[in-house]
Structures are given as C-alpha cells and as structure tokens.
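Here is what each chain is made of, one letter per residue.
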Amino acid sequence: MLRRGEGGCPSPAFLVFSRATLSLAAFVAAPALPGNLVAPSQGPDAKPEVFEKVDPYTRGERDALERAGYVSLGPFEWAEGIRTDDIRETLGGLDVLWVETAHFKIGSTLESYKPPGDPREDKKLDLEFARLKPRLERFKPPKSKIDPWMRLHLFAQRLEDVYADFVARFGLAETEFPDGRKAPSATGPYLGDGPYLGMDRKFTVLLTEKTSSLGRFVKRYGEREPHEWDRFPLPGGTMFLGMSAEGVRTLGYDLDAGLHCAVVAEVTHNLLDGFRKSWSACPLWFGYGLAHVAARRVDERFTPAAGKASASDEDSWKWEPRVRGLIQNNVALPWTGMIAWEKWDDIKTQGHLVAWSRVSWLLSRKPAEMKTFLMGITETLQDVAETDRAKVSKEHQAVAVKAAFGKGFEELDAEWKKFVQRSYTKK
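Given the structure is predicted, the values throughout are model-derived calculations rather than measurements.

Scoring rules and cut-offs
- Residues numbered from 1 in each chain as written.
- Predicted model: local features only at pLDDT ≥ 70, side-chain atom pairs only at ≥ 80, totals over all residues.
- Heavy atoms only, no water.
- Salt bridge = Lys/Arg side-chain N within 4 Å of Asp/Glu carboxyl O.
- Helix = DSSP H or I, 4+ residues; strand = E, 2+ residues; numbered from the N terminus.
- Buried < 20%, exposed > 50% of the residue type's maximum accessible area, 1.4 Å probe, protein only.
- Pairing = 2+ DSSP bridges.
- Phe/Tyr/Trp six-rings, centres within 6.5 Å; stacked < 30°, edge-to-face > 60°.
- Lys NZ or Arg CZ within 6 Å of the ring centre and 35° of its normal.

Some thoughts on the pattern of salt bridges
Turning to step 1, where the next piece is worked out: In the structure shown here, the tally under the stated rule is 34 salt bridges.
Turning to step 2, where the next piece is worked out: E176 serves as the salt-bridge partner of K371, at 2.5 Å between the closest nitrogen and oxygen. Residue K371 is found in helix α12 (residues 367–377), and its partner E176 is found in the loop between α4 (148–169) and β6 (203–208); the two are separated by 195 residues along the sequence.
Turning to step 3, where the next piece is worked out: Relative accessible area serves as the criterion here: at 29%, E176 is assigned to the partly exposed category.
Turning to step 4, where the next piece is worked out: In this structure, the salt-bridge partner of R231 is D273, at a minimum N-O distance of 3.2 Å. Of this pair, R231 sits in strand β7 (residues 229–234) while D273 sits in helix α7 (residues 256–274); the two residues are 42 residues apart in sequence, bridging distant segments of the chain.
Turning to step 5, where the next piece is worked out: For R231, a relative accessible area of 2% translates into the label buried.

Considering the pairing of strand β8 (residues 238–244)
Turning to step 1, where the next piece is worked out: Where burial is concerned, most of β8 is hidden: 7 out of the 7 residues are buried.
Turning to step 2, where the next piece is worked out: By the alternation rule, side chains of β8 split into T238, F240, G242 and S244 and M239, L241 and M243, which are all buried.
Turning to step 3, where the next piece is worked out: Alignment of β6 against β8, held across 5 bridges, turns out to be parallel. In the sheet register, T204 faces β8, and the bridge partner there is F240.
Turning to step 4, where the next piece is worked out: Alignment of β7 against β8, held across 6 bridges, turns out to be antiparallel. The residue bridging D230 from the neighbouring strand is G242, located in β8.
Turning to step 5, where the next piece is worked out: Hairpin connection between β7 and β8: a loop of 3 residues separates the two successive antiparallel strands, and G236 in this loop has a positive phi of roughly 95°.

Remarks on the packing of aromatic side chains
Each pair of aromatic rings is reported with the distance of its centres and the angle of its planes.
Turning to step 1, where the next piece is worked out: Enumeration over the complete set of coordinates arrives at 25 aromatic pairs.
Turning to step 2, where the next piece is worked out: On the basis of an interplanar angle of 70° and a centroid distance of 6.3 Å, the ring pair of Y163 and F203 is categorised as edge-to-face. Separated by 40 residues along the polypeptide, Y163 in helix α4 and F203 in strand β6 bring together distant segments of the chain. The pair formed by Y163 and F203 is uniform in burial state, with each residue classed as buried.
Turning to step 3, where the next piece is worked out: With a centroid separation of 4.9 Å and an interplanar angle of 45°, the aromatic rings of F217 and Y221 are classed as tilted. One end of the pair, F217, and the other, Y221, are both in helix α5 (residues 211–221), 4 residues apart, so they sit about a helical turn from each other.
Turning to step 4, where the next piece is worked out: Judged by relative accessible area, which is 0%, F217 ranks as buried.
Turning to step 5, where the next piece is worked out: On the accessibility criterion, Y221 (18% relative accessible area) is buried.
Turning to step 6, where the next piece is worked out: The structure contains a cluster of three or more aromatic residues connected by ring pairs, namely F166, F170, F177, F275, W285, F286, W335, W361, F373, F405 and F409.
Turning to step 7, where the next piece is worked out: Taking the ring centre of W416 as reference, the NZ or CZ of R358 above it sits at 4.1 Å.

What follows is the structure, encoded as structure tokens:
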C-alpha cells in the first residue's frame, strides 16, 4: 500500500471517495421553471457540435492568456504519462477544448447552452459575465446561447473560485506547501509533497456532454464503470473529476446552474481528499457538508450530491426550516451519530440536511480555528488497519474539535441547536 509522501496513487482498495450512488428516494426538488422551460437536451443520435478550433476570446495569444489568468489552451500533459492528445483519442476523436489555469487543467466537450429564461440563473450568469469581461481580450456578451468556448471560460472561473474559497476559509497560504523544487520539511505537520494543497500536480477536471464520453475515460484510466460523475487520483499526483452534463440532466438538473452546482460540490471533495495527500481521511459528514455548502452558495435550489432531483415538492430545497423542524421535534441526528458514518448509504435524507447545517455553522468561525480542525481530521489513515479505521477516525475527530474549538461534539451540538432555533426561519 502507498505510504504517505510516496509518489503515485494509493491502492484502489483504500480509495473510498468516488461518485455517490444516487439511488435513494428523491428529496431535493428541482423547482418548476416558468412555463415548464427546460434547457435543451441532446438526443442520443444527435451529431456532436463542431467547435471553433481557436478560442475566439483570446485567440490563444500569450498576452491575452496572461490577462485571462491562463497558462495554456493546450496541448499539455494532463497527468503523468497522459497527454491531452491521448484523451482526445480515448474519447473517439471528439473535439475537446482545453485550458490550464493556476490550479486546474480542464478539458471540455460541453456543447452550446441556450438559457431557458430562469430568472435566478440569468442573474447569476450576468454576474459571472461581468467578472469575465475584463479578463477576456475579445469578450462579447452571449445573446441567445453560450458557446462551447465561453462555457469553458465560465467553468475555469468557477473552479478557481472554489479553490480560492477553500484556501480562504481554512486560512491556508500557498507558500506553506512544498513548491516541488525541494523536499517537504522534516519538521512540523506533513503538508504533502507539492504546491497544490500538497498534491504534486494541478487538479484535473473533464467536463463531457455525453456520459458515454466520460465512460470511455474512466474505463481506460480508472478501470471503472461509467456514471454521471466520478472522482479518483491519476498518476503523478493529481485528483481527477469527470462530470457528464447528460448524466446530470438525467438526474433532473436541466439548467447550467445545476451542472455548476454538481461540479463545485465534487471538486470540493477532491480538494479535501487531495489536501496534504490525506486521500479519504476526511470524515463523510464534513466532506458532504462542505460540498453542500459550496453547491448551495451557487444556487440553493440544486444540491445534486444529496440525491436525485424531483419536482414533487417545490419547497424541498429550503433546508433551513426543515432543519429547524428536526430540532424542534427533537429528532435531529446527534453530532455523535453523524461522525459514525462510514459510507454514503449511512447518511440518509436528514443526514445531508444536518451535515450541511453544522458545517455551514462551523465555517462562521475564524479561519485559524478551521485550519486547526482541518489538519486534525485529515490525519492519514493509510497506515491504519482496515478494521481499525472507523475507530481511529473518530479519535482524530474528537481531538480535532477539542484543539480547534476547545469543546467536544456534545457541547458543539447544543450550541448549534440554539443557533438554528435563533436564526433559521420556520418557513
């Protein structure tokens, strides 16, 4: 088994992080859109859209790329022994658009998107375009559709936003991590082997229009069956996320906002798993709670990682009154019960609600406190026997909350309940 600090990836038997199995009863509603408008879905026999070979917004010019904050539009090495041309071949020769940012290498086969007129999404997109405008040399606001290159630029901005938010919330400084030119410090806590939260290489994200395209990639490089999305490490020290727009639509999330929410939630998991090469040491309640926070900051109507969407209850996305009701009826899962989760199926419906609420509440604390907590809960479990990992994880969590907040889980639980009753609305 891979030991901390060694190159490569841990053995598949140790890896427990991956795309969640979204088979539970639906409880996160996708609200009905005005006039039942939905984003257009590509049929199974539709021909792939032909992409412009050169980015019309930068033309690949060096000064324009620097202005945008990009390193390259490809080709480049994706992971150790895998180049962008290899991926294009794996996908059957599909057009793939590439961009390398400060912390990510991103590939996209996403096709043009026609916003269907959802007011909240339209407002969100307007704000995103306003931020993109000064960065793109030849920016033109989309009219009736968002073309594939602009979608790539949007997701590059979105992913860097997630990274910046993660660093800020936990009081991290990029200078803390090894820069790749020297060995990690022998003193102090282990922070990984590379500059990207401890990972050697930038995080990789592949956004595909079709689930079949993503399936080709994960079959070849992950030896796994295709799903709506998947996450796993790739050779050389990078955490990979693959996301299928078609797959997300089959779960009931037709808007680009739904895809946005799914991507930021899953890349948040990868940041946690990649943080100082802790892999899956982070407890499930905190990982899912933080991922839900990230998704709901984008659009609280869509939390794809919590379950399949449904239009049966238009208000089910309003989580605050539901959490308040759990506490008032004295049926909220206690914090000590939450830390016992070992697999996604353990979480259940209310588990997603209370994990999100508790993590959201914790994030109001000082970044220095959150950093202490994060360091404690990401102590490696790689050298721990399989049968002892749950026990050791609980011990790590107990030590972490005491060191960071000076209290135990039961004390935190009591404070959290008071906060919810004081702050959350009833409806």
